[in-house]
Amino acid sequence: LHRSWCGQSDPLDRAPREAPQPVTTLSAIVSAAAAHHLAVFGAFHAAEGDALPPGTGTLVMLGPEEPGFWAHLTTEPEWRDGAADPVDRWSARAISGLGAAFGGTALFPFGGPPYLPFYAWALRTGRAWPSPVTLLVHDRAGLMVSYRGAIALPVRLDLPPPPPRSPCDTCADKPCRSACPAGA
C-alpha cells in the first residue's frame with residue numbers, strides 16, 4: 001500500500017533518479033584541471049562571431065601548469081605507448097573528461113583542418129596579447145603559453161576581470177626582440 005507522506009516522496013521509493021548536475025564554477029574547473037597539471041589560461045562569455053558551438057555561454061581555455069606538467073605527461077599512457085601525437089591524444093582524453101564532468105564540450109587547437117580560432121579566443125580572454133615578436137604573451141605563462149584545449153560550457157560563469165594591460169607594456173628591456181639568434 002502506497003501512502004502519501006504529506007506531499008513528500010516516499011522514503012522507501014527506490015525509483016532511479018537523475019544524477020545531480022555538478023555545480024559549475026570557475027574555481028571548480030581550476031581545481032579539477034589541476035589534477036591533470038592543467039591551468040585555466042582565461043575564459044570569456046560567448047558572443048556572436050566567436051565561432052563557438054551553439055548554446056555556449058562561457059569558453060574556458062586550458063594550458064600546461066608548470067612546474068609539473070611535463071613530469072606528469074611523461075607518466076601517462078599516451079606518452080609511453082609509442083603511438084603518434086602523444087601530447088594531443090593525452091590532451092583530448094584529459095580535457096574531454098573535464099568537459100564531460102562539467103556538462104561542456106571539449107574543443108582543441110589540433111585535429112583540423114579546419115582549425116578552431118584559438119589565437120582569437122586567447123585574445124578574447126583578456127589574458128593574452130600579441131607580443132612585440134607577434135607570438136602570444138600570457139599574463140602568467142609569458143611567451144611560453146600553450147593552449148591544450150578549451151571547454152565550451154552552456155552556462156555563463158562568473159569571471160574575474162582580466163589584467164589591465166599586457167606584461168609587455170611594463171617590460172623596459174624587451175629581451176624577446178634581441179633573443180633570436182637570427183635577428184628575426
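Residues numbered from 1 in each chain as written. Predicted model: local features only at pLDDT ≥ 70, side-chain atom pairs only at ≥ 80, totals over all residues. Heavy atoms only, no water.

1. As for the overall build of the chain
Move 1: Helices and strands together make up the secondary structure of the chain, namely six helices and six strands.
Move 2: Reading the helices (α) and strands (β) of the chain from amino to carboxyl end gives α-β-β-α-α-α-β-α-β-β-β-α.
Move 3: Counting the 184 residues in the chain, one finds 34% classified as buried.
Move 4: Across the chain, contacts joining residues at least 24 apart in sequence account for 64% of those joining residues at least 6 apart.
Move 5: Per element, the accessible surface of the chain, about 11,100 Å² overall, is 59% carbon and sulfur. (Helix = DSSP H or I, 4+ residues; strand = E, 2+ residues; numbered from the N terminus. Buried < 20%, exposed > 50% of the residue type's maximum accessible area, 1.4 Å probe, protein only. Contact = heavy atoms within 4.5 Å. Areas by Shrake-Rupley, 256 points an atom, 1.4 Å probe, with all protein chains shown as cover.)

2. Digging into the packing of aromatic side chains
Move 1: Under the definition given, this model contains six aromatic pairs.
Move 2: On the numbers, 6.1 Å between centres and 70 degrees between planes, the contact of W70 with W79 is edge-to-face.
Move 3: In this structure an aromatic cluster arises from ring pairing among F69, W70, W79 and W90. (Phe/Tyr/Trp six-rings, centres within 6.5 Å; stacked < 30°, edge-to-face > 60°.)

3. What to know about the pairing of strand β6 (residues 149-153)
Move 1: Burial analysis of β6 places five of its five residues in the buried class, which makes it a mostly covered element.
Move 2: Of the two faces of β6, the one lined by G149, I151 and L153 and the one lined by A150 and A152 are each fully buried.
Move 3: Pairing geometry for strand β2 (residues 58-64) and β6, over five bridges, is antiparallel. The residue of β6 that forms the bridge with L62 is G149.
Move 4: Two strands pair when backbone bridges link them, and strand β3 (residues 105-107) and β6 are joined in this way by three bridges, in the antiparallel orientation. The residue bridging T105 from the neighbouring strand is A152, located in β6. (Pairing = 2+ DSSP bridges.)

4. Thoughts on helix α4 (residues 86-101)
Move 1: Its 16 residues place the ends of α4 22 Å apart at the C-alpha level, agreeing with the 22 Å of an ideal helix rising 1.5 Å per residue.
Move 2: Restricting attention to buried positions, one finds in α4 the residues V87, W90, S91, A94, I95, L98 and G99. Considered in projection along α4, the buried side chains sweep an arc of 155 degrees and stay on one side of the axis.
Move 3: Following α4 by one or two positions, G103 adopts a phi angle in the positive range, close to 70 degrees. (Expected span 1.5 Å × (residues − 1). Arc of directions from axis to C-beta.)

5. As for the side chain of R148
Move 1: By the element assignment, R148 lies in the loop between β5 (136-138) and β6.
Move 2: Given the relative accessible area of 11%, R148 is considered buried.
Move 3: Polar side-chain contacts of R148 include one of 2.5 Å to the side chain of D88.
Move 4: A polar atom in the side chain of R148 sits 2.9 Å from the side chain of S91.
Move 5: Sequence-distant contacts of R148, defined by excluding residues within four places in its chain, comprise L38, L62, G63, P64, V87, D88, S91, I95, F108, P109 and F110. (Polar contact = N/O pair within 3.5 Å; in protein donor to acceptor, adjacent residues only side chain to side chain.)

6. A short note on unusual backbone geometry
Move 1: Look at the link from E66 to P67: it is a cis peptide, with omega at 0 degrees.
Move 2: For P67, the position within the fold is in the loop between β2 and α2 (69-73).
Move 3: Note the cis peptide between P113 and P114, where omega equals -5 degrees.
Move 4: Relative to the helices and strands, P114 is located in the loop between β3 and α5 (118-124).
Move 5: The backbone phi angle of H37 is positive, close to 60 degrees, even though this residue is not glycine.
Move 6: One can find H37 in the loop between α1 (26-34) and β1 (38-45).
Move 7: Even without being glycine, D85 reaches a positive phi, approximately 55 degrees.

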